[in-house]
Structure formats: structure tokens, C-alpha cells
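# Examination of the molecular architecture
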Amino acid sequence: MKKIFIGLFLLSVINAQGQNTLISDMTTLQWEQLHPGIWKASVGTLKLNPLEFANAPKEQAIKALGEAPFPFQKADTYGLLTPTRTSIRLPLGETEKIYGLGLEFEGINRRGNVYTLKVDHYGGIKGYTHAPVPFYISSQGYGVLINSPQRIKIHVGIGNRKDSKKPEPIDRTTGKNWPARPLSDAIEASVEHGGMEIYVFSGKTLLEVVQRYNLFGGGGVLPPKWGLGFWHRMDTKSSDADVLKEVKDFEHHNFPLDVIGLEPGWQSFAYPCSFDWDPIRFPDPASFLEKMNDKGIRVNLWENPYVAPTSTMYEAIHPYTASHTVWLGEVPDYTIPEAKEILLAHHKKNHLDIGVSGYKFDEVDGYDFWLWPDHATFPSGHDAIAMRQVYGMMMQAMFDGYFKEKNQRTYGLIRSSYVGASNRNFVLYSDYYDHKGYITALVNSSLAGILWTPEIRSADSSEEWVRRFQSVCFSPLMMLNAWSSGAKPWSFPEVTDIVRNTIELRMRLLPYLYTAFHTYHQTGIPPFRAMILESGYTSNERYTKGVLDDTKNPYAEKKRIEATDQYMMGPSILVAPVFTGQKERQIILPEGNWYDFYSGEFRGNGETITIKTTLEKIPLLVKDGAIIPMLATIEINKEEKPPILVRHYGTKENTFTLYNDDGISYDYENGAFTLRELSVANKNNGKLKGTSKIIKKGQFDYGKITWEFMTAQ
Ligand code: GAL
């Protein structure tokens, strides 16, 4: 079967030798169903398959979603292999909207543009970003993953073939609606060499499409509980004594602290890296880590992958490194098992066995003037472009595997990711620092199977400090990255209480959030989600006027705008961050009644509301019937059975299945967890009443439950 298939493609290569290829010369893609609602087709073969670094599909959970039909005409899908490029063509309806394509910081609409999907710093060419995930989602209820380790150039509803169905051209001088980018009926994508695999994910809703994609990568990640606490990254020159002093200062200022991040200076040499402790700043790492662990504070180490000649790992790894260096450090080829062994053995002995909780893998992305060139060679023979695309995933897979073996969960940071990443224990971040862009990235991350932190580093005013703190507290990783600023949460004394209250609120929401991550793990529903994934949501998409302007807009193009400044957290909280200077903001409420999180008051139903902002609070809206379990006190790991307060909003009856486990190991995979059903129902007297019962008994449960009905009945 396979042979015939390859034969067909050889034929198409021969056909394509002439420069003038028509659609009829292209080969119709052959689709094979892999799981209910998931299909695959190939054009050529992949030498390095990026999916090798993803986890295996969660088959049972995919099955549980049921069947879903193939979303378009198979006969309208094509592939072509030529000596210089491999390309595909997939159909696109006139009104279809396209979302996704990875960690983008601008807008969510991808139609009408060309993207070169390349792992890079953000800010260059369209498609250059830390996680250029080649997965797009259509408003018609399907998603497509184009799997290749090469830089995929994708034309999203842009450009027409001479033999495709296309609109009549309009004369620009006399026609009113001359389009600079005429409507196109296809998405076309190509790579310079190697093959492409195309996966189609179907679904009854956009959310289901995303779920299938995430489940295909093994389901979402379930971080350790401490990972959802407060992270503080130290000034890069800090010593062990500085860290211990900082910990004391956190206690003194009464701020929670779960993870300390050490930046480059923990090493004896950095940029490139020695991966060895600095003997002066950290003379006794084991006892330092012991002290930290005794206080319940995890330590996370910054690294980039480039090996310094002074590293004690250098001699061993040197034979397995690429032709070119980065910052004069050697670039290991971890597709070679021996290289992987050397790295893991070094890390195990020097960091992990003495209590390090995880890593921040930096600089795996770009720029070109820093990273290895496209013509570099790697000892495995893998192409340098492909290695760059998958390097971040390779690091994540290596360390996830290691922690899994130890039966210890990790949670860390990475600045490069790619396909099938949902099950990886890493969160993306950036040097880019636009607050609005950060929220857009949070929205887009949910369409790409990745997690993102809008980390706070510094601010020009106490107002900005609060606004950025508020959004990072409502994200997958709550972190102050003070590596260069040396900032503390209390750096703006006039707003210290507001910052502390926001952190505490996030900490108290742990039972709700941890359950949302468990749902991510089991069903692929992202804990932080774009509004387009929410049922009953109508976007406020509109077009700017295409005003002809000699210099600014010589083609009189219209621009489509859609809100990217609000998102969902868990099943029922809508987060609407406020940016510096905003005195009021609009919030689009999906259908159904929505209530204010803080007061329980009704706010609207399926409409756009305008609210006045206050500095103290990030606007949070809650769905009718929402059940929100919160810690009664903020400590995450300190009490064995922490008491909880369960809030209910609105008037609807509802249930919430609360999840709990040890929060640190993988024992939950073998059944070591508790499920408790929290129910709210109308009693005879017309009043709502909350009850709770265990539905799966395990060792880890919450303690006393108090109910709070937030909306007056
Ligand atoms: C940057 C990174 C920062 C910080 C810094 C340390 O590349 O984005 O968060 O870690 O390196 O040198």
C-alpha cells in the first residue's frame, strides 16, 4: 500500500518537472483515519519527525469525544513534490475564518496573510515566533496540523492559481471594491525540502477541535501544585545568601513564595553555559537547596543549551556537537542517545539529585545573528533548519522523560516550542514586553496546545505594576522575573496591598484552577482559553475603513479587528485585564447570565458591556451556576486537608467535580486521586443549597467545606 503511494508521488515529481504545474497535475491526498475525528495524509516522508518529541495520543479520551465527519471534500486536497519544494493545497470557503498558527502577539485572525513559521524571537517576519505551531483552526469546525521540521510557508487564503475557482478581477481605476488581496479559495503551504504530514482534526465545536489536537499530543499537562503558586526570579548576580535574604524579605512583607528562579549567575560561566554551580556565589549548593526545600520553596535553574569550554561536561559532549557555536558555546545534538545521556547524567548529579525542581531553557529560539546558521551541520546528519525548529521540543521531551522516571512532576519555562506540546511541563515566555501583546499571546496559546506566561519584569508606574501583576496572576504561571530589574512585589509601596491581594486571590483559587488543569489533562480543554472557544460567544469583529492614503495605505486595504483582550479561565471565569490608562473597558459577554466575581451582582447576558475600572481589581465575570471552590487560607501545600470555601453565582443549579491528588508525583496515573462532587440544587423552600459527596475515594481530599452563595436569592 505504502509503495503504491510513494509511486504516485514519484509520478507527480515527473509530471511537475515542467514549470507550469496545474492543479490537475497535483496528486490528490490520500487520507487515512487514525482516531475518531482525526485523519492523516502525507506528501513524501519526514527525516526528522517533530512528533517524536510529543507524547502519544490519549486514545480513550479521543474516542470519548465520538465520531466527527471529515470536514471538507477529500477530492479538493492536493500535494505536490518537486525537486525544490513540497507543497499542499487545502480548500477554504468564502466566509471561513482561520485562527491559530502558534504564539502570535497580534490579533487572532490569520486569513489573508502569508506566514513563514520559524522558531525565532518575535517581531520580525510574520510567523517568526517562539512557538510557530503549524496548526490552524477554521470557523467551520476543523483544525489542520502541518507536520514538518522545516520552515513552513503558509498562504492563508491568499493568492490564486490560474486554474483555480477565483473571482473576476476588478478594474482599480473604476471599480469601487478593488481588492489588493483578492479572495482565494485555498490554503497553500510549502517547505523547501523533505516531506509534510497533514493531520485533520474535526469537531462539533471549535473547542472540540482544540481538544482533539491536545489529546493527540497526550492531553494537557497537569503541573505540580507548587507550579501554580508564586514564582520569583532573582537578580542574575545573586548568591545563595542573597536568595536566603530574599526569602526572609518575602516572609517579612507577608508575600507567598513557592518557586525561586536562579538566572545565569548561578553558574560558574554563562553565555555559553557551564551548567556547573559558581563556587563563590553557591559554594554549597546541596545545603542551599536543602534549606530552600525545608521552607517549601522550589528552585528553578536558568540555562541555555550552549556548552562553554569551561563546563565539566564539555569534554564528554564535544564529539556530539554541531559545526557552529552559539556565543562560542557548542551546540549538542540531542537526537544522539549518547549526547542525551551525558546531559541528563550531568544534570541529575549536579542539580536534580540535590533538589532542583526544574529549568528555564532560554535562547533556544533566535535571532539568526545569535543562533547557528542554516548551513551548520549536526553529527546525526539532521539538517540545521530542522534542528532549530524542534530543539525546544527536544529539550522539553528529554527533561519531562527524566522527571517522569523519577515519579516527580516538574514545571518550567522554555522559549521555543512546536507541534504536539500540550502534554509538556513547560510554559512559554518572551523578552518582548507589550502588555496588550502578552494578553493576545495568552489567547493564541490556547489555540496552539501551549501555555504562556505574561510575566512581569518592571513597570514605569505603580499603575502599570498593578495592571501587569493582575494579568500574570490570571495566567498559567504567576511570575515576577526580576533577573535584571531586581524588582520585588513590593517595589511600588503605594500599591503593595493591591498586589498582595491579587496574588492571594489567585492562590486561593487553586482548587478551581488545579481542577481546570486536570480537565486539560483528561479532555484537552485548555485552562486558559480564547473566547472563540466559548459557546454562545459572538466576536465583535469589524473592519477598519480602507482609506486610500498615498503613503500609509496606498492599497486602501481594510483591516479586520477582533477583541483579544479577554479570555476564559477554567470552566466559568471570564478574565478581562485592564491596561495602563484604561478608565473603562468593554467586555463581550457570551449568551447566558453573567455575574461580577467580587460582588455576585448580575452584569449582563450575551451583550457587550462597558465597565468602569478600579485599580484594586482585575475585572472577573462569572457564568450563571458557576461553582468555584477556593482555599479558605492561602497556603498551597502546608495543610494536609485544607478547608475550602465554595462559591456559587447566579441562580442555576449545577455540579462541579473537584479534583485533588498529592500535587507532586505521577501517582494519580495509577488512581491516587480524589474526586468530590459539589452540587447546588433548589430545595423545597426555593433556596439554593450546596452539598458535597466523594465520587472517587483517594488519599488526597480537601477538609471542611463552607458554602457561599454570592448572588442574592
Ligand atoms: C533572556 C531571558 C530573560 C533572562 C535573561 C538572562 O534571554 O529572556 O528572561 O533570563 O535572558 O540573561
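Residues numbered from 1 in each chain as written. Predicted model: local features only at pLDDT ≥ 70, side-chain atom pairs only at ≥ 80, totals over all residues. Heavy atoms only, no water.

### Some words on the overall build of the chain
What counts here: Each helix is a run of DSSP H or I of at least 4 residues and each strand a run of E of at least 2, with the numbering of both proceeding from the N terminus. What the globule rule says is 2.2 Å times the number of residues to the power 0.38, and the radius of gyration is computed from C-alpha atoms. Each residue is placed in one exposure class: buried if its accessible area under a 1.4 Å probe, protein chains only, is under 20% of its type's maximum, exposed if it is over 50%, and partly exposed if it falls in between. Per-residue and other accessible areas follow the Shrake-Rupley method at a 1.4 Å probe size, with only the shown protein chains counted as cover for residues.
Helix and strand counts for the chain come out as 12 helices and 38 strands. By the compact-globule yardstick of 27 Å for 713 residues, the chain fits well, its C-alpha radius of gyration being 26 Å. Once the C-alpha set of the chain is aligned to its principal axes, its extents read approximately 75 × 70 × 55 Å. For the chain, with 713 residues in total, the buried portion stands at 59%. Counting only carbon and sulfur atoms, one obtains 51% of the accessible surface of the chain, whose full area is about 28200 Å².

### A word on the nonpolar core
Cut-off, in case you're wondering: Here the nonpolar core consists of buried residues drawn from Ala, Val, Leu, Ile, Met, Phe, Trp, Tyr and Cys, with membership extended through side-chain atoms lying within 4.5 Å. Working rule for contacts: check all heavy atoms of both residues, and any pair within 4.5 Å makes them a contact.
Core analysis: the largest hydrophobic core is formed by 213 residues, its most contacted members being Ile154, Leu262 and Trp372. Ranked by residues supplied to this core, first place goes to helix α8 (residues 384–405) with 13 residues. Apart from the residues within four sequence positions on either side, Trp372 is in contact with Tyr306, His324, Val326, Val331, Phe378, Ala384, Met387, Arg388 and Tyr391.

### Things to note about the side chain of Arg424
This is how the line gets drawn: Here a polar contact means two N or O atoms within 3.5 Å. Within protein one must be a hydrogen donor candidate and the other an acceptor candidate, and residues neighboring in sequence count only if both atoms are side-chain atoms.
Along the polypeptide, Arg424 turns up in the loop between β20 (412–414) and β21 (426–428). Engagement of the side chain of Arg424 in a polar contact is seen with the side chain of Asp400, the distance being 2.9 Å. If we ignore the near neighbours within four places in the chain, the residues touching Arg424 are Phe53, Ala54, Asn55, Val221, Met393, Gln396, Ala397 and Asp400.

### A short note on the pattern of salt bridges
Cut-off, in case you're wondering: The term salt bridge refers to a pairing of a side-chain nitrogen on Lys or Arg with a carboxyl oxygen on Asp or Glu at a separation within 4 Å.
The final tally for this structure, using the stated rule, is 44 salt bridges. Between Arg212 and Glu208 there is a salt bridge, with its nearest N and O atoms 2.8 Å apart. Of this pair, Arg212 and Glu208 both sit in helix α3 (residues 206–216), four residues apart, which is roughly one turn of the helix. Comparing Arg212 with Glu208, the two get one shared label, buried. Where Arg457 meets Glu455, a salt bridge forms, and the shortest distance between an N and an O atom there is 2.7 Å. There is no split in this pair, since Arg457 and Glu455 are both buried. Each of the salt bridges in this network shares a partner with another, and the network as a whole consists of Asp362, Glu363, Asp365, Arg415 and Asp431.

### Observations regarding the packing of aromatic side chains
We count it as follows: A pair of aromatic rings is counted whenever rings of Phe, Tyr or Trp (Trp by its six-membered ring) have centres within 6.5 Å, and the orientation is called stacked for planes under 30 degrees apart, edge-to-face for over 60 and tilted otherwise. Note on geometry: a ring has a charge over it if NZ (lysine) or CZ (arginine) is within 6 Å of the ring centre and within 35 degrees of the ring normal.
By the definition in use, this model includes 51 aromatic pairs. Ring geometry for Phe201 versus Tyr213: centroids 5.6 Å apart, planes at 85 degrees, classification edge-to-face. In this pair, Phe201 sits in strand β13 (residues 196–202) while Tyr213 sits in helix α3, placing the two residues 12 residues apart along the sequence. Ring centres of Phe517 and Tyr520 lie 6.4 Å apart, and the angle between their planes is 70 degrees; this geometry places the pair in the edge-to-face category. With Phe517 and Tyr520 both in helix α12 (residues 510–523) and three residues apart, the pair spans about one turn of that helix. Taken as a pair, Phe517 and Tyr520 share a single burial class, namely buried. What links up through ring pairs into an aromatic cluster is the set Phe230, Phe250, Phe255, Trp465, Phe469, Trp490 and Phe492. Sitting over the ring of Tyr666, Lys404 keeps its end group 5.0 Å from the ring centre.

### Structural notes on the environment of Tyr99
Here Tyr99 lies in strand β6 (residues 98–100). Classification of Tyr99 as buried rests on a relative accessible area of 4%. Taking the C-alpha atoms as reference, Tyr99 lies 6.4 Å from Ser138; in sequence the two are 39 residues apart. Other than its neighbours up to four places away in sequence, Tyr99 contacts Ile108, Arg110, Phe135, Tyr136, Ile137, Leu206, Leu447, Ile532, Arg560 and Glu562. Here the side chain of Tyr99 touches Glu562 through a polar contact of 3.5 Å, side chain to side chain.

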